[in-house]
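What the coordinates show
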Amino acid sequence: MIKLIATDVDGTLLDDNSNLPELNKKAILACLDEDIGVILATGKSIDSVFPIVKFLNLKLPQITMNGAVVVNKDLRIINSVKIKPDDYFNVIRSIKEKGYSPLAALGKGGIFYEKYHPDMKYIERIGEKLIKIDSIETAYFSKNSVDINVPIKEDNPLDFYLRKKFSNKLEIVRAGKYFFDILNLNATKGNALCSIAKILNIKRDEIAAFGDSYNDLSMFKEAGLKIAVKNSNSKVLEAANLITDENYKSGFGKAIYGHIL
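So, here is what we can say about the structure in this document.

The rules behind the values
- Residues numbered from 1 in each chain as written.
- Predicted model: local features only at pLDDT ≥ 70, side-chain atom pairs only at ≥ 80, totals over all residues.
- Heavy atoms only, no water.
- Helix = DSSP H or I, 4+ residues; strand = E, 2+ residues; numbered from the N terminus.
- Rg over C-alpha atoms; globule rule 2.2 N^0.38 Å.
- Contact = heavy atoms within 4.5 Å.
- Lys, Arg positive; Asp, Glu negative; His and termini not counted.
- Charge placed at Lys NZ, Arg CZ, Asp CG, Glu CD.
- Phe/Tyr/Trp six-rings, centres within 6.5 Å; stacked < 30°, edge-to-face > 60°.
- Pairing = 2+ DSSP bridges.
- Axes fitted to C-alpha atoms, helices over the stretch in contact; angles between N-to-C directions.
- Polar contact = N/O pair within 3.5 Å; in protein donor to acceptor, adjacent residues only side chain to side chain.
- Core = buried A, V, L, I, M, F, W, Y, C linked by side-chain atoms within 4.5 Å.
- Buried < 20%, exposed > 50% of the residue type's maximum accessible area, 1.4 Å probe, protein only.
- Arc of directions from axis to C-beta.

**Quick word on the overall build of the protein chain**
Scanning the protein chain from terminus to terminus reveals 11 helices and 14 strands. The C-alpha atoms of the protein chain give a radius of gyration of 17 Å, which matches the 18 Å a tight globule of 261 residues would have. Considering only C-alpha atoms, the protein chain reaches an extent of 50 × 35 × 30 Å along its principal axes. When contacts within the protein chain are restricted to residue pairs at least 6 apart in sequence, long-range pairs at least 24 apart make up 57% of them. Taking the average location of the 37 positive side-chain charges in the protein chain and that of its 33 negative ones, the two points are 3 Å from each other.

The following block contains the structure:
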């Protein structure tokens, strides 16, 4: 019996316009009525995810910033896994040396950049507010950042370069076409979900996880039921026990009513 649902947000729970389909909303409310807990496990920041948590009146801890930050129902931070200062400076400088403009996200909220790049619009489209400042290459940012992002596609040479240089010491995940994130090696959706499940005394086979991108694979490992929407990348589809309809066809809600409730 499923007691806890953990779902990715963009590309899974929300449609392609970042709206919550009516069937998905009804499915979540129906789960809550049946005492099935619901956790959002997202790459979104605290500020961006707040409207969804409030709208659905979710009470459990929520996973933000790809697992780097876990917040309570009031969006106060329960746990924050920061990037080590030396790693932070090395990544920021490596991105700049290749001619790109990185973004740095703080655990308490806020995504900052120095020089705007047109592809940052894809981050803004999912509801993130980007803040321009003179420099993110400071001691303050090195001590408080949980995520470094650069909006590049998978076939961009910078993707390969950063993975080759840092994958042995940092968590590097792709959450979408232009969503490339670098975090502390311990900052994953799976680790965050595991810690919440232990607090709630919920077993792995009592958890259902929904996802669509590479950053959801760690969460799948902590769930008994792994559900992918049809628009997922190939690795997520291969890892899933069940494949539901696309995100823009309310695949989440259809799976909830068809296989959980």
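Moving on from the model shown.
**Considering the packing of aromatic side chains**
For any pair of aromatic rings, the description rests on two quantities: the centre-to-centre distance and the angle between the ring planes. One pass over the full model with this rule turns up six aromatic pairs. Arranged with centres 3.9 Å apart and planes meeting at 5°, the rings of Y122 and Y178 form a pair that is stacked. Here Y122, found in helix 5 (residues 121-124), pairs with Y178, found in the loop between strand 10 (170-176) and strand 11 (179-184); they are 56 residues apart in sequence, far enough to count as distant. Between Y140 and F141, the ring centres sit 5.8 Å apart and the planes meet at 85°, which makes this aromatic pair edge-to-face. Through pairs of rings, three or more aromatic residues link up here, namely F112, Y140 and F141.

**With respect to the sheet that holds strand 7 (residues 111-113)**
Read from one edge of the open sheet, six strands run 8-7-6-9-11-10, paired in mixed fashion. The strands lining the two open edges of the sheet, one partner per strand, are strand 8 (130-132) and strand 10. Going across the sheet, the axis of each strand differs from the next one's by a mean of 30°, ignoring polarity. Sitting on the sheet, helix 4 (residues 85-97) is in contact with strand 6 (103-106), strand 9 (145-149), strand 10 and strand 11, with an inclination near 15° to strand 9. Of the strands in this sheet, strand 10 and strand 11 touch helix 7 (residues 157-166), which is tilted by about 155° from strand 10.

**What about the side chain of K189?**
Along the polypeptide, K189 turns up in helix 8 (residues 189-200). Separated by 3.0 Å, the side chains of K189 and D8 make a polar contact. Polar side-chain contacts of K189 include one of 2.6 Å to the side chain of D216. The contacts of K189, once residues within four sequence positions are left out, are D8, A41, T42, G43, I63, N66, G67, N215, D216, S218 and M219.

**A short note on the sheet that holds strand 12 (residues 207-211)**
Read across the open sheet, the five strands follow the order 2-1-12-13-14; overall the sheet is parallel. Only two strands of the sheet have a single partner each, and these edge strands are strand 2 (37-40) and strand 14 (242-244). Taken over all neighbouring pairs, the strand axes of this sheet differ in orientation by 20° on average, direction set aside. Pairing of strand 1 (residues 4-7) with strand 12, which is carried by four bridges, proceeds in the parallel orientation. Within strand 12, the position partnered with T7 by the bridge is F210. Contacts between helix 8 and the sheet are confined to strand 1, strand 2 and strand 12, with strand 1 contributing the most and set at about 160° to the helix.

**Things to note about the nonpolar core**
If you look at the biggest cluster of nonpolar residues, it comprises 45 residues, and the most contacted ones within it are I5, L40, F210, F252, I256 and I260. Considering each element in turn, this core owes the most residues, five residues, to helix 3 (residues 46-56). Among residues more than four places away in sequence, those in contact with I5 are C31, I36, G37, V38, I39, A208, F210, F252, I256 and I260. Core analysis: the second largest hydrophobic core is formed by 21 residues, I136, F141, V150 and F180 among them.

**Considering helix 3**
The set of residues buried in helix 3 consists of I46, S48, V49, I52, V53 and L56. In a view along the axis of helix 3, the buried residues occupy a sector of 150°, so they form one face of it. For helix 3, the exposed residues lying more than 90 degrees away from the buried face are D47, K54 and F55. Taken together, the buried residues of helix 3 touch helix 1 (9-13), helix 2 (22-33), strand 2, strand 3 (62-64), strand 4 (69-71) and strand 5 (77-80).

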